[in-house]
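The lines below spell out each chain.
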Amino acid sequence: EAGVAQSPRYKIIEKRQSVAFWCNPISGHATLYWYQQILGQGPKLLIQFQNNGVVDDSQLPKDRFSAERLKGVDSTLKIQPAKLEDSAVYLCASSLEASSYNSPLHFGNGTRLTVT
Amino acid sequence: AQSVTQLGSHVSVSEGALVLLRCNYSSSVPPYLFWYVQYPNQGLQLLLKYTSAATLVKGINGFEAEFKKSETSFHLTKPSAHMSDAAEYFCAVSDSNTGKLIFGQGTTLQVKP
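So, here is what we can say about the structure in this document.

Rules used in this analysis
Residues numbered from 1 in each chain as written. Chains lettered and ligands numbered in written order. Predicted model: local features only at pLDDT ≥ 70, side-chain atom pairs only at ≥ 80, totals over all residues. Heavy atoms only, no water. Helix = DSSP H or I, 4+ residues; strand = E, 2+ residues; numbered from the N terminus. Rg over C-alpha atoms; globule rule 2.2 N^0.38 Å. Buried < 20%, exposed > 50% of the residue type's maximum accessible area, 1.4 Å probe, protein only. Pairing = 2+ DSSP bridges. Axes fitted to C-alpha atoms, helices over the stretch in contact; angles between N-to-C directions. Salt bridge = Lys/Arg side-chain N within 4 Å of Asp/Glu carboxyl O.

Details of the overall build of chain A
Okay, step 1: When helices and strands are counted, chain A shows 0 helices and 11 strands.
Okay, step 2: For chain A, the α and β elements follow one another from N to C terminus as β-β-β-β-β-β-β-β-β-β-β.
Okay, step 3: Here the C-alpha atoms of chain A give a radius of gyration of 13 Å, agreeing with the 13 Å that 2.2 N^0.38 yields for 116 residues.
Okay, step 4: With the principal axes as the frame, chain A shows a C-alpha extent of 40 × 25 × 25 Å.
Okay, step 5: For chain A, the proportion of its 116 residues judged to be buried stands at 46%.

Quick look at the sheet that holds strand E1 (residues 5-7) of chain A
All names here are of chain A.
Okay, step 1: Pairing in this open sheet of 4 strands is antiparallel, and the strands run E1-E3-E8-E7 from one edge to the other. What marks the edges here is a single partner per strand, and that holds for E1 and strand E7 (65-68). Across the sheet, the mean angle from the axis of one strand to that of its neighbour is 15 degrees, orientation sign disregarded.
Okay, step 2: Taken together, the 4 bridges between E7 and strand E8 (residues 75-79) define a ladder with antiparallel strand orientation. Of the residues in E8, the one forming a bridge with Glu68 is Thr76.

Brief notes about the pattern of salt bridges
Okay, step 1: Under the defined criterion, the tally for this structure stands at 5 salt bridges over all chains.
Okay, step 2: B:Glu64 serves as the salt-bridge partner of B:Lys58, at 2.8 Å between the closest nitrogen and oxygen.

What to know about unusual backbone geometry
Residue and element names in this part refer to chain A.
Okay, step 1: A cis geometry characterises the amide bond from Ser7 onward to Pro8, with omega recorded as -10 degrees.
Okay, step 2: Its place among the elements puts Pro8 in the loop between E1 and strand E2 (10-13).
Okay, step 3: Here the residue pair Gln80 and Pro81 is connected by a cis peptide bond, since its omega of -5 degrees sits within 30 degrees of zero.
Okay, step 4: As for its position among the elements, Pro81 is in the loop between E8 and strand E9 (88-95).
Okay, step 5: Even without a glycine there, the phi angle at Asn51 is positive, about 55 degrees.

Structural data, given as structure tokens:
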């Protein structure tokens, strides 16, 4: 089966600019996650979708970050305006259902964002 | 709140030596525990998961982990390291309410020839 697709792979922007990341999950996967992985740290969940509804966005900095999952398939994560501390790898993951125990997460290769 | 702590951000072993990566968890309910591996410039790949059916869990690439409730640990081991095992390893616990994964800080495994 095709894996989780993410684009772009790399992005360099200046602070205060905006940026968007795209994710296409594995076909049929109802649950989609966006994680932020800062260098030297473990991934941190930003937002979790179940189909096109938000399950958990408690760690999403809503003053600058937004995400949507139209039609319950592809998803876009946006940052506007970007700050230096947003430099990180943004990982998208999907699973068949919300329970990660019964349905392991499949991760994409991530988008590496550098904010200068 | 559930959490995991990985002891040692860097571990270096010789090829053929035992690999031991440490993970301790904190959970008020029986935890669902996982180990993931991340190769350079790639996403995370599931190595193994704790099922509660057996305390010793076998995963891919010869790795295994033992769940010890008395020690709140879920350490990852491999009897003989290969050069291809060099990567970053993450221990994670599943949130009992939402199913989201909560990751540790990660341990970088270096394998020397």
